[in-house]
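# Observations on chain architecture
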Amino acid sequence: MRIVFLGSGRFAIPSFLALLDAGHDVPALVTQPDRERGRGQALAPPPIKPVAQRRGIRVLQPRRVREPEAQEALRQLEPELQVVVAFGQILPRGVIDIAPRGTVNVHASLLPKLRGAAPIQWAIATGEAETGVTTMLIDEGLDTGPLLLARSAPIGPDETSAELEPRLARLGAEVLLETVGGLAAGTLVPVPQDVARATLAPILKKEDGRIDWSAPAAVIACRARGFFPWPGAFTLHEGRRLKALRVREAAGPAASAGTVVTVSSDGVVVACGEGTALRLVEVQPESRRAMPASAWAAGARLRPGARLG
């Protein structure tokens, strides 16, 4: 099948390569423009761009796909199907309708749960034991299009979003190939989403990572895993930011939320809401490297009774 691929992030790479390796005709990759990154503000390409270049695939980088010139370029490619994975732009109706077989999206959740920009992070942060990948036909809503196929995947008890993402990306590639095959054979029937079951996974903000010590330890631990590596779970100590890189639930004496209750070679135990406690195992002080929480505590001369917030 002749397929134009729209994608930018690392999550899109396995799906892109799967289409190529399966022998589909992919005339072009449409991706985001190169962006200035780092302290030197040097231009850096989207992660998928060099992958396409190595495979000899034409790369288009329109500033906005809603611009008439970008839409005309897509029409000239004459795709039978368009596939969108981690693209980073909302498609207008003029783009959605270009391909006669439709525009398929690979989304990293079991829709209609976790519609939005950060489904992997919020699946872990909200304590889900299971998530998955869904293919759907795109419409003009936020992940509201009719469903095609879905596959579930468990979330490990200690798994972070950085670990879950590549696993779901590989699963997404498998589901995409099955979806394309079903569309080609005419065996897939799109199913409308159950709006009553919809939940949201909004784009992450830096403040989402701030630890609310009044929450139960289990809730904080889930958010720390879900928000790793960005925005990261963080708290303040003496006005300076402290990232909590690795944490686990712990036992500790009752104390007000945010109070350090024990400091040992195993880490720093902090009181949380509902009589629970959390052990900081690995941390990263502001402007410093990651280190064991015990090493940070020794350097900071941390004692029980100190406050984090």
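Everything in this summary refers to the structure shown in the same document. In this text the structure is predicted, and so the values were computed from the model without any measurement. (Residues numbered from 1 in each chain as written. Predicted model: local features only at pLDDT ≥ 70, side-chain atom pairs only at ≥ 80, totals over all residues. Heavy atoms only, no water.)

## A short note on the sheet that holds strand E9 (residues 147-154)
Hydrogen bonds between backbone groups are what pair the strands of a sheet, and the pairing can be parallel or antiparallel. Applicable threshold: Two strands are said to pair when DSSP picks up at least two bridges between them. Secondary structure counts use DSSP, requiring at least four H or I residues in a row for a helix and at least two E residues in a row for a strand, with both numbered from the N terminus. The convention used is that axes are lines fitted to C-alpha atoms, helices contributing only their stretch in contact, and that angles between N-to-C directions extend from 0 to 180 degrees. Two residues qualify as a contact provided that any one of their heavy atoms is within 4.5 Å of a heavy atom in the partner residue.
Pairing is mixed in the open sheet, where 7 strands are placed in the order E5-E2-E1-E6-E7-E8-E9. Edge strands, defined here as strands with exactly one partner in the open sheet, are strand E5 (58-60) and E9. The average undirected angle you get between the axes of adjacent strands in this sheet is 20°. Note that strand E6 (residues 81-85) and strand E7 (residues 103-107) share 3 bridges and pair parallel. Residue glutamine 82 lies in a different strand from E7, and its bridge partner there is threonine 103. With respect to the sheet, helix H1 (residues 13-21) is in contact with strand E1 (3-7), strand E2 (28-30), E6 and E7, its orientation differing from that of E1 by roughly 165°.

## Description of the nonpolar core
Threshold: Nonpolar cores were defined as sets of buried Ala, Val, Leu, Ile, Met, Phe, Trp, Tyr and Cys residues, with membership established by side-chain atoms within 4.5 Å. Categorising residues by exposure relies on relative accessible area from a 1.4 Å probe, with only protein chains included: less than 20% of the type maximum marks a residue as buried, more than 50% marks it as exposed, and the intermediate range marks it as partly exposed.
Of all hydrophobic cores here, the largest spans 45 residues; its most connected members are Phe5, Phe11, Phe16, Leu19, Val83, Trp122 and Leu168. At 8 residues, the largest contribution of residues to this core is made by helix H6 (residues 161-185). Setting aside chain neighbours within four positions, we find leucine 168 in contact with Phe11, Ala108, Ile120, Thr131, Gly132, Val133 and Ala153. Formed by 23 residues, the second largest nonpolar core is a distinct cluster that contains Ala233, Ala244, Ala293 and Leu302.

## Comments concerning the packing of H1 against H6
Going by this rule: Convention used here: angles under 35 degrees read as roughly parallel, angles over 145 as roughly antiparallel, angles from 65 to 115 as roughly perpendicular, and any remaining angle as oblique. Crossing chirality is assigned from the near helix's rotation relative to the far helix, an anticlockwise turn below a right angle marking it left-handed and a clockwise turn marking it right-handed. Note on residue categories: nonpolar means Ala, Val, Leu, Ile, Met, Phe, Trp, Tyr, Cys or Pro, charged means Asp, Glu, Lys or Arg, and polar means any other residue, Gly included.
Where H1 meets H6, the axes come as close as 8 Å, and the angle between the chain directions of the two elements is 40°. Here H1 is positioned oblique relative to H6, judged by the angle of their axes. Here H1 and H6 pass one another in a crossing that is right-handed. Seen from H1, the contacting residues are Pro14, Ser15, Ala18 and Leu19; seen from H6, they are Ala169, Arg170, Gly172, Ala173, Leu176, Leu177 and Val180. Considering only residue class, the contact of H1 with H6 consists of 8 nonpolar, 2 polar and 1 charged.

## Things to note about the pattern of salt bridges
The criterion, for reference: Just to be clear on terms, a salt bridge is a Lys or Arg side-chain nitrogen sitting within 4 Å of an Asp or Glu carboxyl oxygen.
Taken as a whole and judged by the stated rule, the model has 13 salt bridges. Arginine 2 serves as the salt-bridge partner of aspartate 25, at 2.8 Å between the closest nitrogen and oxygen. With a gap of 23 residues between them, aspartate 25 in the loop between H1 and E2 and arginine 2 in the segment before E1 connect regions that are remote in the sequence. Since its relative accessible area comes to 35%, aspartate 25 is described here as partly exposed. One salt bridge connects glutamate 178 with arginine 151, and the closest N-O pair in it is separated by 2.8 Å. With glutamate 178 in helix H6 and arginine 151 in strand E9, the pair connects residues that are 27 residues apart, well separated along the chain. On the accessibility criterion, glutamate 178 (40% relative accessible area) is partly exposed. Accessibility expressed as a relative area gives 31% for arginine 151, which makes it partly exposed. Sharing partners across several salt bridges, the network here consists of Arg93, Asp97 and Glu140.

## Brief notes about a positive patch on the surface
Heads up, the rule is: Patch rule: a residue counts if its relative accessible area is over 30% and it has no salt bridge; like charges are joined within 9 Å, and nonpolar side chains (Val, Leu, Ile, Met, Phe, Trp, Tyr) within 5 Å. For the accessible areas, the method is Shrake-Rupley and the probe is 1.4 Å, while residue cover comes only from the protein chains on display. Neither His nor the chain termini are counted; the positive set is Lys and Arg, and the negative set is Asp and Glu. Where a charge lies is defined by one atom per residue type: Lys uses NZ, Arg uses CZ, Asp uses CG and Glu uses CD.
A contiguous patch of positive charge on the surface is contributed by Arg10, Arg35, Arg37, Arg64 and Arg66. Tracing the backbone shows arginine 10 in the loop between E1 and H1.

## Some details on the packing of aromatic side chains
The condition that has to hold: Between the rings of Phe, Tyr and Trp (Trp by its six-membered ring), a pair exists once the centres lie within 6.5 Å; its type follows the angle of the planes, with under 30 degrees stacked, over 60 edge-to-face, and the other angles tilted. Lysine and arginine charges are scored as sitting over a ring when NZ or CZ, respectively, is within 6 Å of the ring centre and within 35 degrees of the ring normal.
Following the criterion strictly, the structure yields 2 aromatic pairs and no others. Ring centres of tryptophan 122 and phenylalanine 227 lie 5.2 Å apart, and the angle between their planes is 85°; this geometry places the pair in the edge-to-face category. Linking tryptophan 122 in helix H5 (residues 119-125) with phenylalanine 227 in the loop between helix H7 (217-226) and strand E10 (233-237), this pair joins segments that are 105 residues apart in sequence. Given the relative accessible area of 1%, phenylalanine 227 is considered buried. Taking the ring centre of phenylalanine 234 as reference, the NZ or CZ of arginine 241 above it sits at 3.9 Å.

Everything listed is a geometric property; what it means functionally is a separate question.
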